[in-house]
Structure formats: C-alpha cells, structure tokens
Amino acid sequence: MLTVLIHGADDPALLAQTLAPLVAGAVEGVLRDVVVLDAQADDVRRVADHAGCRLDGIEEVLAGAGTLKGDWILLVRAGERLPDNWIDRVMRYAGGLSGKGEAARLPDPEAGVFDRLFGRSGGAVLVSKAALAAKAPSAAGRIDRLLRSLRPRPMRRGG
C-alpha cells in the first residue's frame, strides 16, 4: 500500500524521531517499505539499517519511481513529525481518490500558527506512485523540485 521516502536525513536523532510513528504503519500492514534517501553519515546509515530501511540515492529512486513497492508514496523530511492519526488519514485519502494521484500535504503537528497562516511548506506529502513517476523526470534528482512540481494541497482533517 505505502512506501515512505525519507529525505534530508543528516542527523540520527531526527531520523529516529521520524521513524518512530512509522512502526504503527508496519504493524497495521499499511507500510510496504521505507527508503532513506542520500544518507551520508555513518551513524544515520546505521540507524536506517537497524530500523530495516533501505538506503538509496534520490536520483536512483526517482529514475525507478514506478518500481517502488507501495501504490502511494509518503515523502517525509527527517525530523518531521506525522500527526497521531496519520494512518487513518492516509488510508481515507488514498481510498477516496482511488488513484487520481493528486498530492496532499499532511500537517506537521509541530508547525506554528505563523507557518500555517503563511503557507510554509511543512509536513509530509502523500502522492500516488503514478503521479510521482510522472513528475520525477522534471525533478532532475532534486527533492525540492519534486515537491514543488507535485503542488500538494493541504489534507483536510477528515483525510
């Protein structure tokens, strides 16, 4: 069902903070795999390996986006927190769109009022594998370009 791509992992503590809520997704059977992108530091690579994550480069993943295990992809920056109800929201959203592929942004519960008022782009982005594969070539291996090209809309509270 879901593949998680974690980017910006340069601190093992921030990576662990992002990985912790994903355990529930694995237990629920929603999470197919987790890929940590472009991890350079040995301690970050160790945390990812011990957690059972795959390590890969962003360019390789985007070039083969169509081969990712999940039908839906959750892009998360290391250190971001997922909302407590992230599994329900992802399942409702993915089920409601049934493959339309529109990207949506899960709110970051740590984001302040200022960030929300001025539309700061925080929070994980959910997108269908097909939409990710379609946008990947234009991203030229850059996660920031990919996220901009997806144009995620805020995910509503109900999913």
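Structure: above.
Note that the structure is a prediction, hence the values are computed from the model and not measured.

**Quick look at the packing of helix 7 (residues 129-139) against helix 8 (residues 143-150)**
Here is step 1 of the chain: Two numbers describe how helix 7 lies on helix 8: the axes approach to 9 Å, and their chain directions differ by 130°. What the angle tells us is that helix 7 and helix 8 run oblique. Helix-helix and strand crossings are classified by hand; for helix 7 and helix 8 the assignment is right-handed. Residues Ala131, Leu132, Lys135, Ala136, Ser138 and Ala139 of helix 7 touch helix 8, and the partners they reach there are Arg145, Leu146, Ser149 and Leu150.
Here is step 2 of the chain: Here the contact of helix 7 with helix 8 is built from residues that sort into six nonpolar, two polar and two charged.

**A look at the sheet that holds strand 2 (residues 31-37)**
Here is step 1 of the chain: As summarised here, the arrangement of the seven strands in space is 3-2-1-4-6-5-7, forming an open sheet in which the pairing is mixed. Looking at strand neighbours, the two that pair on one side only are strand 3 (54-56) and strand 7 (153-154), the edges of this open sheet.
Here is step 2 of the chain: Across five bridges, the pairing between strand 1 (residues 2-7) and strand 2 is parallel. Within strand 2, the residue paired with Val4 across the bridge is Val34.
Here is step 3 of the chain: Strands strand 1, strand 4 (72-77) and strand 6 (125-128) of the sheet are contacted by helix 7, whose axis makes an angle of about 95° with strand 6.
Here is step 4 of the chain: Sheet contacts for helix 8: strand 1, strand 2, strand 4 and strand 6; angle to strand 4, the most-contacted strand, approximately 125°.

**Some points on the packing of helix 1 (residues 12-19) against helix 3 (residues 42-50)**
Here is step 1 of the chain: At a minimum axis separation of 9 Å, helix 1 and helix 3 run at an interaxial angle of 20°. As the angle between them shows, helix 1 and helix 3 are arranged roughly parallel. Relative to helix 3, helix 1 is oriented so that their crossing is right-handed. Side by side, helix 1 and helix 3 meet where Pro12, Leu15, Ala16 and Leu19 of the first sit next to Asp43, Val44, Val47 and Ala48 of the second.
Here is step 2 of the chain: Per-class residue counts for the contact of helix 1 with helix 3 are seven nonpolar, no polar and one charged.

**Regarding helix 7**
Here is step 1 of the chain: Within the span of helix 7, buried status applies to Lys129, Ala131, Leu132, Ala136 and Ala139. All buried residues of helix 7 lie within an arc of 140° about the axis, which places them on one face of the element. Exposed and oriented more than 90 degrees from the buried face of helix 7 are Ala130, Ala134, Pro137 and Ser138.
Here is step 2 of the chain: As for helix 7, its buried residues are in contact with strand 1, helix 4 (58-63), strand 4, strand 6 and helix 8.
Here is step 3 of the chain: Directly beyond the C-terminal end of helix 7, a positive phi value near 50° is found at Ala140.

**So, the side chain of Asp33**
Here is step 1 of the chain: With respect to the secondary-structure elements, Asp33 resides in strand 2.
Here is step 2 of the chain: An unpaired buried charge is present at Asp33: no salt bridge exists, and Arg54, the closest side chain of opposite charge, is 4.0 Å distant.
Here is step 3 of the chain: A distance of 2.5 Å separates a polar atom in the side chain of Asp33 from a polar atom in the side chain of Thr3.
Here is step 4 of the chain: The residues contacting Asp33, other than those within four sequence positions of it, are Leu2, Thr3, Val4, Arg54, Lys69 and Gly70.

**Side note on helix 1**
Here is step 1 of the chain: Taken together, the buried positions of helix 1 are occupied by Leu15, Thr18 and Leu19. Buried residues of helix 1, seen end-on, are gathered within an arc of 100° and therefore sit on one face of the element.
Here is step 2 of the chain: Packed against the buried residues of helix 1 are strand 1, helix 2 (22-28), strand 2, helix 3 and strand 4.
Here is step 3 of the chain: Structurally, the start of helix 1 carries an N-cap: the backbone nitrogen of Ala13 is 2.7 Å from a side-chain oxygen of Asp11.

The rules behind the values
Residues numbered from 1 in each chain as written. Predicted model: local features only at pLDDT ≥ 70, side-chain atom pairs only at ≥ 80, totals over all residues. Heavy atoms only, no water. Axes fitted to C-alpha atoms, helices over the stretch in contact; angles between N-to-C directions. Helix = DSSP H or I, 4+ residues; strand = E, 2+ residues; numbered from the N terminus. Parallel < 35°, antiparallel > 145°, perpendicular 65-115°, else oblique. Left-handed = near helix turned anticlockwise from the far one by under 90°. Contact = heavy atoms within 4.5 Å. Nonpolar A, V, L, I, M, F, W, Y, C, P; charged D, E, K, R; others polar. Pairing = 2+ DSSP bridges. Buried < 20%, exposed > 50% of the residue type's maximum accessible area, 1.4 Å probe, protein only. Arc of directions from axis to C-beta. Lys, Arg positive; Asp, Glu negative; His and termini not counted. Salt bridge = Lys/Arg side-chain N within 4 Å of Asp/Glu carboxyl O. Polar contact = N/O pair within 3.5 Å; in protein donor to acceptor, adjacent residues only side chain to side chain.

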